[in-house]
Amino acid sequence: MTKKVNRRQAIRAGALAGAGAGLALAGCEKAPQQTGESRQPGERSSFANEEYVWVSANSNLPLFTAHDHPALRLAGEELGVKVQIAGPNSIDIPGLVAAIEQTAARKPAGMMVVGWDPSALVPPINHAVENGVPVVCVDADVPASKRLAFIGTDWYDLGIRQAEAMVKGLAGKRGKIALLGLIEQTIDQQAFAGFRSVAEKAGLTVLEPQQDKGNQAEAARVAAAILQAHPDLAGMAGFDSESGPGMGQAIREAGKAGKIIATCVDAEEQHLRLVRDGVLTAAVGQKRELFTYVGVKALFEALHSKVRFTSDDKAAGVIPIPVNYNTGTYTVTRENIALFLKSA
Amino acid sequence: MPEVAPAPATLPVDTAPRKLRLPAFSREIGLAALTLLIILLFSILYPYTFKSAANFNAILRNLAFEGILAIGMMLMLVGGVFDLSVGAMASMIGVITGWLMKNAGWPVPLAIVTGLLVAAAGGFLNGFIVAKVRVNALITTLGTMGVFQGVALLIGGPGITFLPESFTRFGQAEVGGIQAPVLVMLALAIIAQYCLAHTRFFRQYYYIGSNPKAAHLSGISVERLQMLSFTIMGTIAGLAGIVYASRIATATSTVGVGAELQAITAVILGGASLTGGKGTIWGALIGVFFMALMKNVLIISRVSSEWQGIILGAVLVLAVAVDSIMNRKKA
Amino acid sequence: MSAPLLAMHDIRKRFGGVQALNGVNLEVRSGEVHALVGENGAGKSTLMHILAGVHQPDEGSISWDGKQHVVIANEHAAQRLGIAIVFQERSLFSSLSVAENIFAGRQPVSRWGAIDRRALRANSAALLRRVGLACDPGTPLSELSSAQQQMVEIAKALSLDAKLIIFDEPTAALTETETTALFSVIAQLKAADVAIIYISHRLEEIFKIGDCVTVLKDGTWQGTFAVAQITTDDLINRMVGRALSFARADGGARYGPVVLEVRNLTDLSLEGEVRTRLRGISFQARKGEVLALAGLCGAGRTELALAIFGARPRESGEILIDGQVVDIDSPADAIAAGIAYLPEDRKDAGLFLDMTIAQNVAAARLKDFGSWWFSDARGEAAAEEFRKQLRVTSHGVKQAVQTLSGGNQQKVVLAKWLLIQPTVLIVDEPTRGIDVGAKAEVHALLRQLARKGTAVIVISSELPEVLALADRILVMREGRITGEFKGEDATEEAIMRYASLHVPA
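Scoring rules and cut-offs
- Residues numbered from 1 in each chain as written.
- Chains lettered and ligands numbered in written order.
- Predicted model: local features only at pLDDT ≥ 70, side-chain atom pairs only at ≥ 80, totals over all residues.
- Heavy atoms only, no water.
- Helix = DSSP H or I, 4+ residues; strand = E, 2+ residues; numbered from the N terminus.
- Buried < 20%, exposed > 50% of the residue type's maximum accessible area, 1.4 Å probe, protein only.
- Lys, Arg positive; Asp, Glu negative; His and termini not counted.
- Salt bridge = Lys/Arg side-chain N within 4 Å of Asp/Glu carboxyl O.
- Contact = heavy atoms within 4.5 Å.
- Expected span 1.5 Å × (residues − 1).
- Patch = residues over 30% accessible without salt bridge, like charges linked within 9 Å, V, L, I, M, F, W, Y side chains within 5 Å.
- Areas by Shrake-Rupley, 256 points an atom, 1.4 Å probe, with all protein chains shown as cover.
- Axes fitted to C-alpha atoms, helices over the stretch in contact; angles between N-to-C directions.
- Parallel < 35°, antiparallel > 145°, perpendicular 65-115°, else oblique.
- Left-handed = near helix turned anticlockwise from the far one by under 90°.
- Core = buried A, V, L, I, M, F, W, Y, C linked by side-chain atoms within 4.5 Å.
- Nonpolar A, V, L, I, M, F, W, Y, C, P; charged D, E, K, R; others polar.
- Pairing = 2+ DSSP bridges.
- Domains from an automatic or database assignment.
- Buried area = accessible area lost by both parts, 1.4 Å probe.
- Polar contact = N/O pair within 3.5 Å; in protein donor to acceptor, adjacent residues only side chain to side chain.

1. Examining the side chain of K44 of chain C
All names here are of chain C.
So, point 1. Relative to the helices and strands, K44 is located in helix α1 (residues 44-51).
So, point 2. Buried charge without a salt bridge: K44, with E169 as the nearest opposite-charge side chain at an N-O distance of 4.9 Å.
So, point 3. The contacts of K44, once residues within four sequence positions are left out, are L36, V37, G38, E39, I199, H201 and L216.

Right under this line is the structure:
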């Protein structure tokens, strides 16, 4: 051995480092207290050990860190409870399943799960609920599971809002309207239906929806092709978060800004700039903050609500919260854009 | 045994009493000790959330998928090769099996057997290209990884959902509180451990991994054995995909993305060498358990997901580096 | 006579326990072809490595081009002096073009630091004309034959403005016409006043092109002679004449029947391989006989062993064991037929270095230790037997073989083959790189095996070893058997003659 490392020394150093790291990561934990009944509501400190966990795949998506995470913390502060973020930072379904199960195993007061897969997440959610951990789905639903409630956007309603903005933008004009989105997704199909219900009544011709793969470059390519194929196009509506920026790019490059009435879903910085510049007519934003904010409160209510339906609601399986929360939308146009832009 | 009389003594034979030597430091033992240490430490720090049956059950049921893959990967690495296509293979076979039972309406057992046969064929294809056509294993399996992943997406789209109950009953069943996929992994591990440690046939893989040229000149059919190990690996990867699909009632097309690297990492941590000839199945299981344990304690101690990646990466390099220092040979 | 370009005086070099060079002198003049001859291991390579800056001499002085006490610190220093070597194993890049090879790392550059392609082409073309190679400088090297590649090496040496070019066995892989072409290039170089050191095993070549010849033997200088004034016999005597360093085996051995017969074996050369091809080899080996295959490096002895062992494809020919034709397509077939082969490079092809002695010994006969429940204990017991019998110095059979000395490692490989109780045991350079004591042990072992009835075939480049061990000697040259001797009749001179000269068949 050229450089002799004393084995015992190395092991000792490793053990110390490990112990040190472990201690640094966490203090000692207190025993979990029984939640509910025994405590007085309003005494904030009595819930301080309750923990509400939000679990998602791709958990560091900018959309999440900008909207869902801050609102989660806000709800935690208001109620005086702990909140926590968990889940893999890629779209890793086995990793998400593992995160749900391992989070459930430590018996938090409640869990919010983003339903990345309506089928694969059924067993872990049911497992958690059966073991006494309340679960609500936020943002995307897993309707086949035993989750207590779904909190998120009603996409049929979102389709209606976009159609209304479109009709208003066209100001009585009639013609062909193109749709873009992740066409195989249930939520997009619901939105298309909502859009049609308003647009067709207003006498517009709605074309078959086109696939943009949830990718800005693809959306731009598809939108450009549509503009080519339909020189007489009156409007265009996009239904995933990347549709708007992609459409905007295509419309600008075709020199049709202002001539085509374009609406989209989501109102992030990129979408807002396009509205400000008049390339997009309207952006329909989801109230994402409410997903986690209402999520924590719904879980909290499920545990602490004083509303009674039976002599023993728990035994009767009655849960004192609604099943569906439509968090709703807001519509951004040039008139109100100043209120939404961070820096004018 | 031929009778050979002792050769004339020209060199003194070492007859001095031997010093009691410590057993050679092995990565398996080191890792097992570290694993116990972490369990101990976190049992003290988190006596309620970490030290609970529910938590260990959750760890176990979630390591079964990678555990099954790691068993096959250990066989590969003992023989001095590896297979990057296993994750995609698991996805593809899950989707094919799911498609056959849900969309084509085949009986569940027939769909499973067909899935496993396709897996074996895919593995054989890898082996044939590597051993006979002599394309480097990295390139071959990187290529077939893309092919298998593509086929999975073609057939399954995002995934085949809500698989029949007669299929999912198995993956969600529990015996003595332990979920079926974990039991499948353990059964496979016992069989593999027996084969690798005790049968003459599988012993040959250690020789191939140690020195393929010397193995060939010692009468071991290196090519045939390599093709077989890829075929076994493919079948095991298919099994992992089917078992996982049964557990979550869904054949997700991307279930195996990244799983090949997880399996290789676990197996290396558990004592295998990228140059071959080393490792045991128990080592593979310890490696998988260690990785799952690390992820669990990071969740338990509420470390953010960015830091989880950094810590896991550092642990891998550190573990192998310590081993390398311990085993450094005379220059 | 003009002053020598290069003068090396009393060069000594020691590697560990081996005195590789012991007072060697060499003087080479510009415009002279100076041949350097000697057996394998006589010290030629060490001497050339000193010239090339790879090794430093322990003692002695070098003067170059009138300067005394020149130190050649490394390969770059040698290049700067103008010394170039045309290597036996080519040091070229087969995927690059001829021009890129000639100017590897020294391509002409333009003012902007980019490679000046036009100059590169023009310079290369001029050099190729000088060596008489008619090909475009842009041709990929891999499309050239080995002779043409050698010309590229020479062009590379010329591009360095070499004053001295060393040719190390340049004709080993060349056909006769290619050799003639090479000689004419050498004649041109000579006319251009370049000094040449020419190393070859082929004595007739030396008489054809050499001006002077220096003879080395066991690292000592045997003299420098004008080629015109020395005879072949004289040269051979000076190369090999020496007292036997090993006692000859006890004679009077009784041989049994023929156990191995090789009939008309011709091998198939593998794609892209630069090797001697075996042509129509026939011989027999008897039970209890030690048969030696003598010859120089590259004569095809290892190829013959590999072909018999099924590790090298054959084009034609039959192998008979105990009078029966056996079908051998792989080492597994050969082992089943009772043939064992101890390879030349034990670390590369013989040992499982990170495995234990017991595991190494068991490698060729795993089936003896249980198919369904492999017993390590039984393998270890068998290995322990051999460890005692062969006197392997180790802590036990569970020790990894990489921690053993060369001699002990060789005994482990031998034990592996003794375990299969071979009818025919072929050992390729069995004592290469092991110390004298272990050598004697290995010799005794091989003789003993023969006495017990194994046909032992020894391939060795050490003539004293061949003479000490063999009952019968076959001499090979360029893929053919060129001579046969009874052990007691053979002399080093006679073997050398058949190994290095064209002898009318």
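2. Brief notes about the pattern of salt bridges
So, point 1. Scanning the entire structure with this criterion turns up 42 salt bridges over all chains.
So, point 2. Where E269 of chain A meets R273 of chain A, a salt bridge forms, and the shortest distance between an N and an O atom there is 3.5 Å. On the criterion of helical spacing, the pair formed by E269 of chain A and R273 of chain A is a turn pair, its members being four residues apart in helix α9 (residues 269-276).
So, point 3. According to the relative accessible area criterion, E269 of chain A is partly exposed, its value standing at 26%.
So, point 4. Two residues, R134 of chain B and E223 of chain B, come together in a salt bridge whose shortest N-O distance is 2.8 Å. Of this pair, R134 of chain B sits in the loop between α4 (108-132) and α5 (137-156) while E223 of chain B sits in helix α10 (residues 222-248), and the two are 89 residues apart along the sequence.
So, point 5. Its relative accessible area of 62% is what places R134 of chain B among the exposed residues.
So, point 6. By relative accessible area, E223 of chain B is classed as partly exposed at 27%.

3. A closer look at helix α10 (residues 289-304) of chain A
So, point 1. Taking 1.5 Å per residue as the helical rise, α10 of chain A with its 16 residues ought to reach 22 Å, and the 23 Å between its terminal C-alpha atoms agrees with that figure.
So, point 2. For α10 of chain A, the full list of buried residues reads F291, T292, V294, G295, V296, A298, L299, F300, A302 and H304 of chain A.

4. A look at a nonpolar patch on the surface
Residue and element names in this part refer to chain B.
So, point 1. A cluster of nonpolar residues, F124, F128, V133, V135, L138 and I139, forms a patch on the protein surface that exposes about 500 Å² of accessible area.
So, point 2. Mapped onto the nonpolar patch, the elements with two or more residues apiece are α4 and α5.
So, point 3. Mapped onto the secondary structure, L138 falls in helix α5.

5. Quick word on the packing of helix α5 (residues 155-170) of chain A against helix α6 (residues 186-199) of chain A
The description of two packed helices rests on the angle between their axes and on the distance between the axes.
Residue and element names in this part refer to chain A.
So, point 1. One way to put it is that α5 packs onto α6 with a least axis distance of 6 Å and a crossing angle of 40°. Here α5 is positioned oblique relative to α6, judged by the angle of their axes. When the axes of α5 and α6 are compared, the crossing they make is right-handed. Between α5, through W155, Y156, G159, I160, Q162, A163, E164 and M166, and α6, the contact on the second element is made entirely by I187, Q190, A191, A193, G194, F195, S197, V198 and A199.

6. Observations concerning the nonpolar core
So, point 1. Of all hydrophobic cores here, the largest spans 195 residues; its most connected members are F283 and W417 of chain C.
So, point 2. Among the elements that line this core, the one with the most residues is helix α2 (residues 53-78) of chain B, at 14 residues.

7. Re the packing of helix α6 (residues 165-172) of chain B against α10 of chain B
All names here are of chain B.
So, point 1. Direction vectors running N to C along α6 and α10 enclose 100°, while the axes themselves pass 7 Å from each other. With respect to their mutual orientation, α6 and α10 come out roughly perpendicular. Seen from α6, the contacting residues are F167, T168, F170, G171 and Q172; seen from α10, they are I242, V243, A245, S246, R247 and I248.
So, point 2. Partitioning the contact of α6 with α10 into residue classes produces six nonpolar, four polar and one charged.

8. Structural notes on helix α9 (residues 301-308) of chain C
Residues and elements named next belong to chain C.
So, point 1. A large share of α9 lies buried, amounting to eight of its eight residues.
So, point 2. Every buried residue of α9 is accounted for by R301, T302, E303, L304, A305, L306, A307 and I308.
So, point 3. In the stretch just after α9, G310 is the one whose phi turns positive, near 80°.

9. As for the sheet that holds strand β11 (residues 281-286) of chain C
Residues and elements named next belong to chain C.
So, point 1. The strand order across the open sheet formed by four strands is β11-β10-β13-β14, and the pairing between neighbours is antiparallel. Only two strands of the sheet have a single neighbouring strand rather than two, namely β11 and β14 (324-326). Direction aside, neighbouring strands of the sheet carry axes that sit 20° apart on average.
So, point 2. Helix-sheet contacts for α9 involve β10 (258-267), β11 and β13 (314-321), and the interaxial angle to β10 is about 110°.

10. A closer look at the domain arrangement of chain A
Residues and elements named next belong to chain A.
So, point 1. The domain architecture assigned to chain A consists of domain 1 (43-153 + 288-304) and domain 2 (155-286 + 331-340).
So, point 2. Here the C-alpha centroids of domain 1 and domain 2 sit 31 Å apart.
So, point 3. The interface of domain 1 with domain 2 comprises five residues on the first partner and four residues on the second.
So, point 4. In this assembly, domain 1 packs against domain 2 so that about 530 Å² is buried in total across both faces, 45% of it on carbon and sulfur atoms.
So, point 5. Summed over the three residues of domain 1 that lose the most area to domain 2, namely L63, T153 and R288, the buried surface amounts to 80% of that side.
So, point 6. The interface formed by domain 1 and domain 2 contains zero salt bridges.
So, point 7. One can count four residue pairs in polar contact (both at pLDDT 80 or more) joining domain 1 with domain 2.

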